[in-house]
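Architecture and fold: a report
What follows is each chain in one-letter form.
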Amino acid sequence: MRRLHVEGLRVSTNGGKGLVHGIDLHVDEGEWLSIVGESGSGKSMTAFAIADLLPRGVRREAGAITLNGEDILHRSPAELRKLRGSAISYVFQDYQGAFTPFIRLGTQMAEAIRAHRRVGARESTSMIHGALEEVGLDGGVFAERYPFQLSGGQLQRASLATAMLLSPQLLIADEPTTALDAVTQAAVLDLINSLRERHGCSVLFITHDLRCVIRHADRVAVMRSGDVIETGETSGVVAHPERSYTRDLFAAVPRIDIRQKRLPVHNQKVVS
């Protein structure tokens, strides 16, 4: 089943400068699609345009944007607000900015629930604790903590828990591991994959980390200067890229299975 369908998406400034130039994308049910490309290629603008989270002074146009076959391009601002956080959830690179520092984590998560559902305090608490437990955090402990009391990896896990509170059909993650160390990055990526499998949601993942793409993505879309220049199953695109840009992009990924040529080391006389 086609989860997300985007046709002819254009993003431009009010001054007329084109940022994304009429691209087509789709994500199937339960699928992980990664969008890759150099900085400024339009990856994040594409992700933000789907649920109209574009910054002031930037607008979108498209032939169609549908979620589960239903039009979301022509939804009113109020309807889009209901859509975000329920059917479509976002996880951003700035995990520290995802929470207000002087409000307890559980209180902020409860606000996210109340924005979309009418539930009692007991059910809300149960949902919050369950979501935190699902990402490996003790619900009873971390719901009572303030964001500044959490490490970077814990905060990103908490933002994932908040995004998955209402079991969205589509999770859009915009470079959510950039500011994390390599070990924490891998743990967060594995967590996103396990949440995808558990909830049956689709993932649209924006990243510079091509190793993540190779490991997790079912399909990949390569963007350059506001255009999608190549798309397909990850294994096929990596093994047999059609465009020289794609070939160079994946060739830049460090490999540990290739013996690197070492420079000769010459003995030098130490002068004391």
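Calculation criteria
- Residues numbered from 1 in each chain as written.
- Predicted model: local features only at pLDDT ≥ 70, side-chain atom pairs only at ≥ 80, totals over all residues.
- Heavy atoms only, no water.
- Helix = DSSP H or I, 4+ residues; strand = E, 2+ residues; numbered from the N terminus.
- Buried < 20%, exposed > 50% of the residue type's maximum accessible area, 1.4 Å probe, protein only.
- Core = buried A, V, L, I, M, F, W, Y, C linked by side-chain atoms within 4.5 Å.
- Pairing = 2+ DSSP bridges.
- Axes fitted to C-alpha atoms, helices over the stretch in contact; angles between N-to-C directions.
- Contact = heavy atoms within 4.5 Å.
- Phe/Tyr/Trp six-rings, centres within 6.5 Å; stacked < 30°, edge-to-face > 60°.
- Lys NZ or Arg CZ within 6 Å of the ring centre and 35° of its normal.
- Parallel < 35°, antiparallel > 145°, perpendicular 65-115°, else oblique.
- Left-handed = near helix turned anticlockwise from the far one by under 90°.
- Nonpolar A, V, L, I, M, F, W, Y, C, P; charged D, E, K, R; others polar.

Notes on the side chain of Asp-209
Relative to the helices and strands, Asp-209 is located in the loop between strand S9 (202–206) and helix H8 (210–216). Exposure remark for Asp-209: the relative accessible area of 16% places this residue in the buried category.

Digging into the nonpolar core
Ranked by internal contacts, the top residues of the largest apolar core, which has 49 residues, are Leu-105, Met-109, Leu-132, Leu-160, Leu-171, Ile-192 and Phe-205. Listed in part, the 32 residues of the second largest apolar core include Ile-35, Ala-49, Tyr-90 and Leu-204.

Let's talk about the sheet that holds strand S3 (residues 32–36)
Spatially, S7-S8-S9-S3-S10-S11 is the arrangement adopted by the 6 strands of the open sheet, whose pairing is mixed. Edge positions in the sheet fall to strand S7 (88–91) and strand S11 (227–233), since each has one partner strand and no second. For this sheet the average axis-to-axis angle between neighbouring strands, irrespective of direction, equals 15 degrees. Of the strands in this sheet, S3, strand S10 (219–224) and S11 touch helix H10 (residues 244–251), which is tilted by about 110 degrees from S10.

Description of the environment of Arg-157
Looking at the secondary structure, you find Arg-157 in helix H6 (residues 152–163). A sequence separation of 30 residues divides Arg-157 from Ala-187, and the C-alpha atoms of the two residues are 9.6 Å apart. Each residue touching Arg-157, except ones within four places of it in the same chain, is listed here: Val-135, Gly-136, Leu-137, Ala-187 and Leu-191.

Remarks on helix H1 (residues 43–50)
Within H1, 6 of the 8 residues are buried, which leaves it mostly tucked inside the rest of the structure. Listed as buried for H1 are Lys-43, Thr-46, Ala-47, Phe-48, Ala-49 and Ile-50. Downstream of H1 by one or two residues, Asp-52 has phi in the positive range, about 55 degrees.

Quick look at the packing of aromatic side chains
Any aromatic ring pair is given by two values, namely how distant the centres are and how the planes are angled relative to each other. The final tally for this structure, using the stated rule, is 4 aromatic pairs. A centroid spacing of 5.2 Å and a plane angle of 40 degrees characterise the contact between Trp-32 and Phe-205, whose relative ring orientation is tilted. Linking Trp-32 in strand S3 with Phe-205 in strand S9, this pair joins segments that are 173 residues apart in sequence. Judged by relative accessible area, Trp-32 falls into the buried class, the value being 0%. Relative to Phe-92, the ring of Tyr-90 lies with its centre 5.6 Å away and its plane at 10 degrees, an arrangement referred to as stacked. A relative accessible area of 36% means that Phe-92 is categorised as partly exposed. Over the face of the ring belonging to Phe-142 we find Arg-145, whose NZ or CZ atom lies 4.5 Å from the ring centre.

Observations concerning the packing of H6 against helix H7 (residues 182–199)
Axis separation between H6 and H7 bottoms out at 10 Å; the angle between their running directions is 15 degrees. Judged on the interaxial angle alone, H7 and H6 are roughly parallel. Viewed along their axes, H6 and H7 form a crossing whose handedness is right-handed. Contacts from Gly-153, Gln-156, Arg-157 and Leu-160 of H6 reach H7 at Thr-184, Ala-187, Val-188, Leu-191, Ile-192 and Leu-195. Of the residues that constitute the contact of H6 with H7, the class distribution is 6 nonpolar, 3 polar and 1 charged.

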